[in-house]
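Architecture at a glance
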Amino acid sequence: MFEKLLFLLNQAPPATADTVGAPFERRHLAVAVLLLELARVDRAVSPEEQATIERIVRVRFGFDAGTAARLIETARRLLDASLEDWVFAAAVRAGFTADERAEIVALLWEVVYADGGLAHFEEALVERLSRQLGIEGDELETARAQA
């Protein structure tokens, strides 16, 4: 299963589409996976974190509630099957501009703060993912402040 996931995420996109887990774009799935990973890092996804992820997916990607739920479920299955998040971070890095990646880091911080707390491992994960996305220093702090 993991090999199939790596194969699908590492494939060069077809000339007419950039999809894996159709009808969803690889980059949208990758963002959803990172949001879910962040919510799970403290071993408990709060209702506030879940609602935040659902809202982000709906608003950011323009999906209705049903489509957002399907994307999140597909992302959950991908996350459950994965051993490492670098594949998803690479898909986000390849699929979004630097400005968009900075906005995505702000969304990651939003999930962190959704339950009203900040655990050390949540902060460490956002910082590591930010580095993988090429967002560091002042950009990272700006994204955190936006959240």
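The following paragraphs examine the structure supplied in this document. (Residues numbered from 1 in each chain as written. Predicted model: local features only at pLDDT ≥ 70, side-chain atom pairs only at ≥ 80, totals over all residues. Heavy atoms only, no water.)

Side note on the pattern of salt bridges
Evaluation of the coordinates by the stated rule reveals eight salt bridges. In this structure, arginine 76 and glutamate 73 form a salt bridge, with 3.2 Å as the shortest nitrogen-oxygen distance. In this pair, arginine 76 and glutamate 73 both sit in helix H4 (residues 65-81), three residues apart, roughly one turn of the helix. Given the relative accessible area of 23%, arginine 76 is considered partly exposed. Glutamate 73 sits in the partly exposed class, given a relative accessible area of 33%. A salt bridge links arginine 128 to aspartate 85; the nearest nitrogen and oxygen atoms lie 2.7 Å apart. Of this pair, arginine 128 sits in helix H7 (residues 120-132) while aspartate 85 sits in the loop between H4 and helix H5 (86-95), and the two are 43 residues apart along the sequence. (Salt bridge = Lys/Arg side-chain N within 4 Å of Asp/Glu carboxyl O. Helix = DSSP H or I, 4+ residues; strand = E, 2+ residues; numbered from the N terminus. Buried < 20%, exposed > 50% of the residue type's maximum accessible area, 1.4 Å probe, protein only.)

Topic: a negative patch on the surface
A surface patch of like charges, here negative, comprises Asp99, Glu136, Asp138, Glu139 and Glu141. Ranked by the residues each element gives to the negative patch, the list is headed by helix H8 (residues 137-146), at three residues. Checked against the element boundaries, glutamate 139 lands in helix H8. Under the relative-accessibility criterion, glutamate 139 is labelled partly exposed at 35%. (Patch = residues over 30% accessible without salt bridge, like charges linked within 9 Å, V, L, I, M, F, W, Y side chains within 5 Å. Areas by Shrake-Rupley, 256 points an atom, 1.4 Å probe, with all protein chains shown as cover. Lys, Arg positive; Asp, Glu negative; His and termini not counted. Charge placed at Lys NZ, Arg CZ, Asp CG, Glu CD.)

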